[in-house]
Amino acid sequence: MVKSRQRAYVRAVFLIDAAMITIAVLGGYAVRFGELSEKFGGGAPRDSRPYAVIMVGLGLVWLVSLKLMRSYDARLLGYGVDEFRRVAAATIRLAGAIAIVGYVIDLGVARWFLLFSFTLGLVGLVLGRYAARKWLHRARKRDGAWSRQVLVVGDASHVNELVATLRREPYAGYHVVGACIPDALIAPVPQRLGDVPVVGSFRTVLQAVESTGVDTVAVTTSGELTAIRLRRLGWQLEGTGVDMVLAPALTDVAGPRIHTRPVAGLPLIHVEAPEFRGGRKLVKGFFDRAAALIALTLTLPLLVVIAIAIKLDGRGPVFFRQTRVGLSGKEFGVFKFRTMVVNAEEVLAQLRARNETDGLMFKMRDDPRVTRVGRFLRRFSLDELPQLLNVLLGQMSLVGPRPPLPREVARYDGDVARRLLVKPGITGLWQVSGRSDLSWEDGIRLDLYYVENWSLTADLAILWKTIGAVIASRGAY
């Protein structure tokens, strides 16, 4: 059932791509040779029939390019940025190849036609894939039949860890239906690991696969699963249509940092060290400041309106400046619009017992210190717009961990202190994943994941998701 739905989804994505490419080439033709062509120095082609052939040929080659880049691989569809990266790579490489061929051999094809077609196509392909992915995520949350049915094999503790990891992100498409644990732990009565039933031991994995009807076996860490037993399990699953995946104890490491290198028949996993300086950091810093300057310029009228509203709402300053801790533990003053009463810090001591979150932060869903205008600003995160000034000053980044208070940092242990290895951000994984609705532990886990695996591509994806999170007001109070 799951396999058939996967194939149906791949076909749907292919049809969406074909539709977007068709719209792109027709749009490119209309802009180059239609009513808008005069703005670009164009006009009607001498013979429209060759362009009909060219458009059909371009569309077919485009689809072949997407196929060659393995952008229809069911294993990467619907999760992660690799899908979008491959779509972009296929489009850009094809555009580059046609440009080179056109330079060497005069193809007689209008350059503006190609430019507009590829530009429209790239945007359309990404938006089409994004829309399909959102539908798939909703389907997976609503109906487990759209997810892979997984049997987890390993020690009890590692099984529990893997189950918890997969359940944190149900839209990834892995639904655990049973577990197989070492023979020595099997009891004569039915067992469960949490709410996951134990359906067999290491000796009865194949029978467990047949009884549960799973399509994926996920093997996690266990001292009893030797290389020989693991290889034999792979042999047993051959021809059954059941996939086997290995889930090592290494967690929260992004794909680009992992490289598998076979040595003497042994697949060694090489994990690149996190990058905290160098050329990529310089590019990120330039992008942050340029984007912050543009954002401040565009939102200047809104900033003025907000400032007037705060002044009319009651006495006190428009801005609130609070000491936060940034890169390498250096303190700085973060700028925010004031959303609380003037004596908010004095009232805080009286509200400590009503804290609704765990860990070191203080959060209340109905905090009496928040003003009327402040409640609206917090709902849509408008109070954080002045932090663009911190980005321009180089104290913050657009994307990064939440900027902590000095009293929080004073209680950090060695692991949590790694949050200070990068600049804090206006937004981050914590914001697009629930903000104040997250537990302290989940918030730290997301921050540390970003620290270890940041990239400019991931930053762009987080910025895009931030728009949806702000509009939906998820976890904002």
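Computed from a predicted structure; not experimentally measured.

The rules behind the values
- Counting of residues starts from 1 at the beginning of each chain's written sequence and follows it residue by residue.
- Where totals are concerned, whole chains, interfaces and linings use all residues; where local detail is concerned, this predicted model gives features only for residues with pLDDT of at least 70, and gives and counts side-chain atom pairs only at 80 or more.
- Hydrogen atoms and water are omitted, and side-chain values are computed over all heavy atoms in the structure.
- What counts as a helix is a DSSP run of H or I of at least four residues, what counts as a strand is a run of E of at least two, and both are numbered from the N terminus.
- Working rule for contacts: check all heavy atoms of both residues, and any pair within 4.5 Å makes them a contact.
- Note on areas: Shrake-Rupley with a 1.4 Å probe; residue coverage comes only from the protein chains shown.
- Only strands joined by at least two bridges in the DSSP assignment are considered to pair.
- The convention used is that axes are lines fitted to C-alpha atoms, helices contributing only their stretch in contact, and that angles between N-to-C directions extend from 0 to 180 degrees.
- Stacked, edge-to-face and tilted labels apply to pairs of Phe, Tyr and Trp rings (six-membered ring for Trp) whose centres lie within 6.5 Å, assigned for plane angles under 30 degrees, over 60, and everything in between, in that order.
- The cut-offs for exposure are 20% and 50% of the maximum accessible area for each residue type, with area from a 1.4 Å probe on protein chains only; residues under the lower value are buried, those over the upper are exposed, and the others partly exposed.
- By definition here, charges over rings are those cases where NZ of Lys or CZ of Arg is within 6 Å of the ring centre and within 35 degrees of the ring normal.
- When describing relative orientation, an angle under 35 degrees is termed roughly parallel and one over 145 degrees roughly antiparallel, while 65 to 115 degrees is termed roughly perpendicular and anything else oblique.
- Left-handed describes a crossing whose near helix is turned anticlockwise from the far helix by less than a right angle; the clockwise case is right-handed.
- Residues are grouped as follows: Ala, Val, Leu, Ile, Met, Phe, Trp, Tyr, Cys and Pro are nonpolar; Asp, Glu, Lys and Arg are charged; all remaining types, including Gly, are polar.
- Read the arc as the range of directions from the helix axis to the C-beta atoms.
- Think of a polar contact as two N or O atoms within 3.5 Å of one another; within protein, one of them needs to be a possible hydrogen donor and the other a possible acceptor, and neighboring residues in sequence only count if both atoms come from side chains.
- Residues enter patches when their relative accessible area tops 30% and they take part in no salt bridge; the joining distance is 9 Å for like charges and 5 Å for the nonpolar side chains Val, Leu, Ile, Met, Phe, Trp and Tyr.
- One side-chain nitrogen of Lys or Arg within 4 Å of one carboxyl oxygen of Asp or Glu is enough to make a salt bridge.
- Under the counting rule used here, the positive set is Lys and Arg, the negative set is Asp and Glu, and His together with the chain ends is not counted.
- The location of each charge is read from NZ of Lys, CZ of Arg, CG of Asp or CD of Glu.
- We call a set of buried residues a nonpolar core when its members are Ala, Val, Leu, Ile, Met, Phe, Trp, Tyr or Cys and they connect through side-chain atoms within 4.5 Å of each other.

## Quick look at the overall build of the protein chain
Argument step 1. When you go through the protein chain residue by residue, the secondary structure sums to 15 helices and 12 strands.
Argument step 2. When contacts within the protein chain are restricted to residue pairs at least 6 apart in sequence, those whose partners lie at least 24 apart make up 70%.
Argument step 3. Carbon and sulfur atoms make up 62% of the accessible area of the protein chain, which totals about 26,100 Å².

## A word on the sheet that holds strand S3 (residues 192-193)
Argument step 1. One open sheet accounts for 6 strands, arranged S3-S4-S2-S1-S5-S6; its pairing is mixed. This sheet does not close on itself; its edge strands, each paired only once, are S3 and strand S6 (243-247).
Argument step 2. In terms of strand pairing, S3 meets strand S4 (residues 196-201) through 2 bridges, oriented antiparallel. Counted as the bridge partner of Arg-192 is Pro-197 from S4.
Argument step 3. Of the strands in this sheet, strand S5 (216-220) and S6 are in contact with helix H7 (residues 227-237), which crosses S6 at around 155°.

## A short note on the packing of aromatic side chains
Two descriptors summarise a pair of aromatic rings, namely the distance from one centre to the other and the angle between the planes of the rings.
Argument step 1. The full count for this structure, using the stated rule, is 8 aromatic pairs.
Argument step 2. An angle of 15° between the planes, with centres 5.2 Å apart, marks the rings of Phe-319 and Phe-337 as stacked. Here Phe-337 lies in strand S10 (residues 331-337) and Phe-319 lies in strand S9 (residues 319-325), a separation of 18 residues in the sequence.
Argument step 3. The exposure class assigned to Phe-337 is buried, which follows from its relative accessible area of 2%.
Argument step 4. Geometry around Trp-454 places Arg-280 over its ring, the cationic atom sitting 4.4 Å from the centre.

## Regarding the packing of helix H3 (residues 82-104) against helix H4 (residues 111-142)
Argument step 1. Where H3 meets H4, the axes come as close as 10 Å, and the angle between the chain directions of the two elements is 165°. Considered as vectors, H3 and H4 are oriented roughly antiparallel to each other. As H3 packs across H4, the resulting crossing turns out to be right-handed. Between H3 and H4, the residues in contact are Glu-83, Phe-84, Val-87, Ala-88, Thr-91, Leu-94, Ala-95 and Ile-98 and Leu-114, Phe-118, Leu-122, Leu-125, Val-126, Arg-129, Tyr-130 and Arg-133, respectively.
Argument step 2. Considered class by class, the residues forming the contact of H3 with H4 number 12 nonpolar, 1 polar and 3 charged.

## Looking at helix H10 (residues 372-379)
Argument step 1. Regarding H10, the residues found buried are Val-373, Gly-374, Leu-377 and Arg-378. Buried residues of H10, viewed axially, fall in a sector of 130°; they line one side.
Argument step 2. Where H10 is buried, its residues meet helix H8 (279-313) and S10.
Argument step 3. Residue Thr-371 occupies the N-cap position of H10, its side-chain oxygen lying 2.9 Å from the main-chain nitrogen of Gly-374.
Argument step 4. Directly after H10, the chain includes Ser-381, whose backbone phi takes a positive value near 55°.

## Digging into a positive patch on the surface
Argument step 1. Residues Lys-134, Arg-138, Lys-141, Arg-142 and Lys-465 make up a contiguous surface patch of positive charge.
Argument step 2. Take the positive patch: its biggest share by element is 4 residues, from H4.
Argument step 3. With respect to the helices and strands, the residue Arg-138 is situated in helix H4.

## Thoughts on the side chain of His-137
Argument step 1. You can see His-137 is positioned in helix H4.
Argument step 2. Not counting the four nearest positions on each side in its chain, His-137 is found in contact with Gly-78 and Tyr-171.

## So, the nonpolar core
Note on soluble globular proteins: their nonpolar side chains tend to be buried together.
Argument step 1. With 29 residues, the main nonpolar core has Tyr-9, Leu-58, Trp-62, Leu-66, Phe-113 and Phe-118 as its most contacted residues.
Argument step 2. If near-sequence neighbours (up to four positions away) are discounted, Tyr-9 is found in contact with Leu-77, Ala-132, Arg-133, Leu-136 and Trp-146.
Argument step 3. Core analysis: the next-biggest nonpolar cluster, separate from the first, contains 25 residues, Leu-303, Leu-377, Leu-382 and Leu-385 among them.

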